[in-house]
Amino acid sequence: MPLLECVPNVSEGRRPEVVAALARTAASPGVTLLDVSSDPDHDRTVLTLAGEPEPLHEALLGLYAEAVAAIDLTRHRGVHPRVGAVDVVPFVPLAGATMAEAVAAALRLAEAVAARFELPVFLYEEAARRAERRRLPDLRRGGFEGLPARLADPAWEPDFGPPRLHPTAGATIIGARPFLIAFNALLETGDPALARRIASRVRESAAGGLPAVRAIGVYLESRRRAQVSMNLLDFRRTSLTAALERVRREAEALGTCVVASEIVGLVPEEALLGALREALLLERFDADLVLERRLERAGGVTGAR
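Residues numbered from 1 in each chain as written. Predicted model: local features only at pLDDT ≥ 70, side-chain atom pairs only at ≥ 80, totals over all residues. Heavy atoms only, no water.

A. Examining the nonpolar core more closely. Within the largest apolar cluster, 56 residues are counted, with the highest numbers of intra-cluster contacts made by Tyr64, Val89, Phe91, Leu109, Val113 and Ile174. No other element matches helix α3 (residues 99-117), which puts 10 residues into this core. Contacts of leucine 109, omitting those with residues within four sequence positions, involve His57, Leu60, Leu61, Tyr64, Val89, Phe91 and Ile174. Ile181, Ala199, Ala243 and Val247 belong to the second-largest nonpolar core, a separate cluster that totals 26 residues. (Core = buried A, V, L, I, M, F, W, Y, C linked by side-chain atoms within 4.5 Å. Buried < 20%, exposed > 50% of the residue type's maximum accessible area, 1.4 Å probe, protein only. Helix = DSSP H or I, 4+ residues; strand = E, 2+ residues; numbered from the N terminus. Contact = heavy atoms within 4.5 Å.)

B. The packing of aromatic side chains, seen in detail. Under the counting rule described, the total for this entry stands at two aromatic pairs. Judged by centre distance (6.1 Å) and plane angle (20 degrees), the ring pair of tyrosine 64 and phenylalanine 117 falls under stacked. Taken together, the residues span a long stretch of sequence, with tyrosine 64 in helix α2 (residues 53-70) and phenylalanine 117 in helix α3 at a distance of 53 residues. Of the residues examined, phenylalanine 117 reaches a relative accessible area of 14% and is grouped as buried. Geometry around tryptophan 156 places arginine 150 over its ring, the cationic atom sitting 4.1 Å from the centre. (Phe/Tyr/Trp six-rings, centres within 6.5 Å; stacked < 30°, edge-to-face > 60°. Lys NZ or Arg CZ within 6 Å of the ring centre and 35° of its normal.)

C. Representation of helix α5 (residues 143-151). When we look at burial in α5, the residues that qualify are Gly143, Phe144, Leu147, Arg150 and Leu151. Seen along its axis, α5 keeps its buried residues to an arc of 105 degrees; they face one direction. Opposite the packed face of α5, turned more than 90 degrees from it, sit the exposed residues Glu145 and Ala149. Packing partners of the buried residues in α5 comprise β6 (121-125) and α4 (136-140). (Arc of directions from axis to C-beta.)

D. Focus on the layout of surface pockets. Empty space within the largest pocket amounts to approximately 1,100 Å³. Around the largest pocket sit 50 residues that line it, and His80, Arg140, Leu180, Met230 and Asn231 are the ones nearest its centre. Partitioning the lining of the largest pocket into residue classes produces 23 nonpolar, 12 polar and 15 charged. If you trace the second largest pocket, you find it lined by Val92, Pro93, Met99, Pro178, Phe179, Leu233, Asp234, Phe235, Arg236, Pro268 and Glu270. When grouped by side-chain class, the residues that make up the lining of the second largest pocket number eight nonpolar, no polar and three charged. (1 Å grid on protein atoms, 1.4 Å probe; cavity = no way out; pocket = protein on both sides within 12 Å on 5 of 7 lines; lining within 4 Å. Points joined across faces, edges and corners; volume = space filled by probe spheres on them. Nonpolar A, V, L, I, M, F, W, Y, C, P; charged D, E, K, R; others polar.)

E. Spatial organisation of a nonpolar patch on the surface. Residues Leu276, Leu280 and Leu282 make up a contiguous nonpolar surface patch of about 240 Å² in total accessible area. Residue position: leucine 280 is located in helix α8 (residues 269-280). Classification of leucine 280 as exposed rests on a relative accessible area of 52%. (Patch = residues over 30% accessible without salt bridge, like charges linked within 9 Å, V, L, I, M, F, W, Y side chains within 5 Å. Areas by Shrake-Rupley, 256 points an atom, 1.4 Å probe, with all protein chains shown as cover. Salt bridge = Lys/Arg side-chain N within 4 Å of Asp/Glu carboxyl O.)

F. The sheet that holds strand β11 (residues 258-264), seen in detail. Here we have four strands laid out as an open sheet, ordered β9-β10-β8-β11, and antiparallel in their pairing. In this open sheet, the two edge strands, each paired with only one partner strand, are β9 (213-220) and β11. Between one strand and the next, the sheet's axes are offset by a mean angle of 20 degrees, whatever the strand orientation. Pairing analysis gives eight bridges linking β9 to strand β10 (residues 225-232), with the strands arranged antiparallel. By the bridge assignment, valine 218 is partnered in β10 with glutamine 227. Along the sheet, helix α6 (residues 192-202) makes contact with β8 (181-187), β9 and β10, crossing β9 at roughly 175 degrees. (Pairing = 2+ DSSP bridges. Axes fitted to C-alpha atoms, helices over the stretch in contact; angles between N-to-C directions.)

G. Layout of the packing of α2 against α3. Between α2 and α3, the shortest axis-to-axis distance is 11 Å and the interhelical angle comes to 35 degrees. The hand of the α2/α3 crossing is right-handed. Each of Glu54, His57, Leu60, Leu61, Tyr64 and Ala65 in α2 lies in contact with α3, whose residues at this interface are Arg108, Leu109, Ala112, Val113, Arg116 and Phe117. Considered class by class, the residues forming the contact of α2 with α3 number eight nonpolar, one polar and three charged. (Left-handed = near helix turned anticlockwise from the far one by under 90°.)

Written out as structure tokens, the structure is:
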């Protein structure tokens, strides 16, 4: 059976008990919960799941049930764009799986979620049925608050479900895509306007922007600093190192600097090795040069002292 990764983004990052309940529900038989990343300023949790299509499907329906019951978007105040309690659910093919199988899983889940929870469902990326709905930012523009006006337009009829928002859970976006790296740069400044200016220069849509990069600027109340929040859609086109260096240069040009960075969720090993290779200017570097990897292959000790 094909193995898929699924990365549901849920609009809750401030109530640990709710996040814990969502995680317990997701970690159902046949599904491995690989990671849970929550942020109170974004008021968002990203769960990383892996499994075969059937157990993943059942786990995600349970996750939706838990989220719809516990999350009220009319009270959500996070800085991250969102349209739903379960905001976006992408399927990613892992080894042995194809993008077509990820799309099939997305379509099956979309139909079931619409029927069971009366949620409007939009399909995106590889699962999109319309070109204008392929990009996630286009679907989320205006957020939960602006979506009713868009749904009133027949051109924005959902792919599944009713043409109206759920009163507390909003809508949901389901799709299939390749690996994506959520990568954030924390600035020394607390001015969100500077973060937005940096993001506007870094993102792919800007003249001279980085390929396959999306970026927004936000203010993190808990840290009293601004953040450039990025999605690297293809780390082979723009690496972690390249993205961070560009943000650094733009920040310095505006009189501030980057004080830290973070990866949200999980990242392919190749992306980390590539970033290390660039940072150290190594002519050759791959996993075979890692001591622990060689020891594992040799069946010996798995750690270095």
